[in-house]
Amino acid sequence: MTAATLPESRATLPDLSAEEIRRYSRHLILPEVGTVGQRKLKAAKVLLVGTGGLGSPSGMYLAAAGVGTIGVVDFDVVDASNLHRQLLYGMRDIGRPKLEAAAARLHDINPNVRVVPHAVRLDSSNALDVLRDYDIVVDGTDNFPTRYLVNDACVLLGKPNVYGSIFRFEGQVSVFWGAKGPCYRCLFAEPPPPGLVPSCAEGGVLGVLPGIIGCLQANEAIKLIVGAGDPMIGRLLLFDALRLSFRELKLRKNPECPICSEHPTQTELVDYYEFCGVPTPEEAEQGDAEIDVTVQQLAGWLRRGDAVTVVDVRTDQEREIATIDGALHIPVQEIERRLGELDQAHRVVLFCHHGPRSTRATHLLRGAGFPKAYNLKGGIDEWSVAVDASVTRY
Amino acid sequence: MSIIIQIPTPLRRFTGESGEVSVDATTVGEALLRLVETHPDLRPHLYANDGKLRTFVNVFKNDEDVRFLEKDATSVAPGDRLTIIPSIAGGSRRDRTSR
């Protein structure tokens, strides 16, 4: 099977230079790839959404394989905490925009590849324009709003979405292609409520896991381009790194899918932050003045000896790395049944690593009759930066 | 009749970190009810207040989605494996949308 959006006629495919023939010789002697397959790779345009844990290996292998045009979407800068899994980057890249560092690395792997940077946060206003010029989209994003956005944009544009997702020790791979099979929404019609599924930043992820899953995504993209093998359309691969087990499930097209069925109820992109019930990145950055206190405010209260209970809602593992002295430990999932340990008359300040978990916990407390419950804006990380540098950052 | 329910990582904190739960049941609906009886903290994550399975909860009997079989009424026999498929979104950067 060949991707409908890819150039198929031999006459229109670009030729390979002598250098390319030498470089790709191990591909060229594979009957499933051959010269024509390699020329298809050269003609292909693949968009990587996200150049992090998944985008690192998929991008490097797609560049090495000779995909002619690789678009990269990212707006982040390289952080030390990326390096345990994002092998596109090294020590010298810390603080550098990911797009810049990724383009340099991909060029170094294969100078024949044209890398097209898209320094944007993908959203409903720009997604169709960014995706339109590509044959295949490789989804390596980290959040539900962007997952649904990428899916819907791919369905509307008729493009295959090579999906990979990871959490802790568990990975998923599929090819969602509304024109030929189920899409992401056929499986996950609606997102889970905010907070049920922690992000990798909260829940952690085994560094090698995105390496495995990202390589599988590159494999699927290459198969779609050269037209070899059985693409993962209509199948979902589940990978468990702890057991080292692979399982495959059958996916079916939902005849009532709101976006990819014959009679869709949604024919354009929507507001995916609203759809997922999460604040926009700008809103999240600003915080919630109603419930937030700054680390300086809390430090002042503690210095004055005000009656304030500080509650750490993080996990035991995180507390082993760093703590705020005197904090009461109630993991976020236990807050609801341990309300009795808190005093409604006093200020209660909740904190986590950066703020999302303690924000949810603060809303819960406010709803349960704690008018003086507050969220520590920026979490223990901000506390370390602005108040107490002896607290280890992680 | 004992069947195995596989618990995805995001829900294991409600099953005492156990990845597989064995229950006696003859239908998918019954198996899930046994599961939340044994692990009550799971209930709000699988069922809405009206007692219906939440829409984002995907249950597979062996390799088939029960929505395309007989949903809750799908029969199960010893040796069958039910798998709850989680929505996971992790990929690259820190989760900016919920920070």
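Computed from a prediction, not measured in an experiment: that's the story for all the values here.

Caption draft 1: View of the overall build of chain A. Scanning chain A from terminus to terminus reveals 16 helices and 13 strands. Taken over the C-alpha trace, chain A has a radius of gyration of 24 Å; the compact-globule value for 394 residues is 21 Å, and the two agree within 12%. Along the longest, intermediate and shortest principal axes, the C-alpha atoms of chain A span 80 × 50 × 40 Å. The burial tally for chain A puts 45% of its 394 residues in the buried class. Of the contacts formed within chain A by residues at least 6 apart in sequence, a portion of 69% connects residues at least 24 apart.

Caption draft 2: Representation of the sheet that holds strand S9 (residues 292–293) of chain A within the structure. All names here are of chain A. The sheet built from five strands is open, its strands ordered S9-S13-S12-S10-S11 with parallel pairing. The sheet terminates laterally at S9 and strand S11 (328–329), the two strands that pair on one side only. With five bridges connecting them, strand S10 (residues 308–312) and strand S12 (residues 347–351) associate as parallel partners. Across the sheet, valine 308 pairs through a bridge with arginine 347, a residue of S12.

Caption draft 3: Focus on the pairing of strand S5 (residues 81–85) of chain B. By the bridge criterion, three bridges tie strand S1 (residues 2–6) of chain B to S5 of chain B in an arrangement that is parallel. Along S5 of chain B, the bridge assignment pairs glutamine 6 of chain B with threonine 83 of chain B.

Caption draft 4: Expanded view of unusual backbone geometry. Positioned with a positive phi, leucine 244 of chain A is a non-glycine residue whose angle comes to about 55°. With respect to the helices and strands, leucine 244 of chain A occurs in the loop between strand S7 (235–240) and strand S8 (245–250).

Caption draft 5: Just the environment of alanine 153 of chain A, in detail. As for its placement among the helices and strands, alanine 153 of chain A is situated in helix H7 (residues 144–157). In this view, alanine 153 of chain A contacts Ala127, Leu128, Leu131 and Leu269 of chain A; residues no more than four positions away in its chain are not counted.

Caption draft 6: Structural detail: the nonpolar core. All names here are of chain A. Residues Val46, Val137 and Ala221 are the most contacted members of the largest nonpolar core, which totals 96 residues. The dominant element in this core, judged by the number of residues it contributes, is helix H10 (residues 208–226), at nine residues. The residues touching valine 137, leaving out its near neighbours within four places in the chain, are Leu47, Val49, Leu131, Val150, Cys154, Lys159, Asn161 and Val162. Counting 22 residues, the second-largest nonpolar core is a separate cluster that includes Phe351, Phe370, Ala373 and Ile380.

Caption draft 7: Seen up close, the interface of chain B and chain A. On the chain A side, the residues contacting the 27 residues of chain B number 47 residues. Put simply, the parts of the chain that give the side of chain B that touches chain A at least two residues each are strand S3 (58–61) and strand S4 (64–65) of chain B. Within the side of chain B that touches chain A, the residues separate by chemical class into eight nonpolar, 10 polar and nine charged.

Caption draft 8: Looking closely at the confidence of the model for chain B. Residue and element names in this part refer to chain B. Per-chain confidence: chain B averages 86 in pLDDT, with 90% of residues scoring 70 or above. Ranking the elements of chain B by mean pLDDT puts helix H2 (residues 43–46) last with 87 and S4 first with 96. Contacts for the low-pLDDT stretch residues 93–99, under 50 throughout, to residues beyond four places or in other chains number 27 contacts. Prediction confidence for the complex, expressed as pTM and ipTM, is 0.88 and 0.87 respectively.

Caption draft 9: Structural detail: the pairing of strand S6 (residues 170–176) of chain A. All names here are of chain A. Summarising burial for S6: seven of the seven residues are buried, a large majority. Burial of S6 is two-sided: the residues Glu170, Gln172, Ser174 and Phe176 facing one way and the residues Gly171, Val173 and Val175 facing the other way are all buried. In terms of strand pairing, strand S5 (residues 161–167) meets S6 through seven bridges, oriented antiparallel. Across the sheet, residue serine 165 finds its bridge partner in S6, namely glutamine 172. Sheet analysis places S6 next to S7, joined by four bridges and oriented antiparallel. Within S7, the position partnered with glycine 171 by the bridge is phenylalanine 239.

Caption draft 10: Up close: the packing of helix H4 (residues 55–65) of chain A against H10 of chain A. Residue and element names in this part refer to chain A. Here H4 crosses H10 at 40°, and the two axes come no closer than 7 Å. Taken together, H4 and H10 sit at an angle that is classed as oblique. The interaxial crossing formed by H4 with H10 has right-handed handedness. The residues of H10 that touch H4, namely those facing Gly55, Ser56, Pro57, Ser58, Tyr61, Leu62 and Ala65, are Gly211, Gly214, Cys215, Gln217, Ala218, Ala221 and Ile222.

Caption draft 11: Fine view of the sheet that holds strand S1 (residues 45–49) of chain A. All names here are of chain A. With mixed pairing, the eight strands of this open sheet are ordered in space as S3-S2-S1-S4-S5-S6-S7-S8. Where the open sheet ends on each side, the last strands, each with one partner, are strand S3 (114–118) and S8. Strand-to-strand, the axes of this sheet are offset by a mean angle of 15°, without reference to chain direction. Here S1 pairs with strand S2 (residues 69–73) via five bridges, running parallel. By the bridge assignment, valine 46 is partnered in S2 with isoleucine 70. Taken strand by strand, helix H5 (residues 98–109) contacts S2 and S3, and its axis lies near 170° from that of S3. Of the strands in this sheet, S1, strand S4 (136–139), S5 and S6 are in contact with H7, which crosses S4 at around 165°.

Conventions used here
- Residues numbered from 1 in each chain as written.
- Chains lettered and ligands numbered in written order.
- Predicted model: local features only at pLDDT ≥ 70, side-chain atom pairs only at ≥ 80, totals over all residues.
- Helix = DSSP H or I, 4+ residues; strand = E, 2+ residues; numbered from the N terminus.
- Rg over C-alpha atoms; globule rule 2.2 N^0.38 Å.
- Buried ≥ 20, exposed ≤ 12 C-beta atoms within 10 Å, placed from the backbone.
- Contact = placed C-beta atoms within 7 Å.
- Pairing = 2+ DSSP bridges.
- Core = buried A, V, L, I, M, F, W, Y, C linked by C-beta atoms within 7 Å.
- Nonpolar A, V, L, I, M, F, W, Y, C, P; charged D, E, K, R; others polar.
- pLDDT = per-residue confidence, 0-100.
- Axes fitted to C-alpha atoms, helices over the stretch in contact; angles between N-to-C directions.
- Parallel < 35°, antiparallel > 145°, perpendicular 65-115°, else oblique.
- Left-handed = near helix turned anticlockwise from the far one by under 90°.

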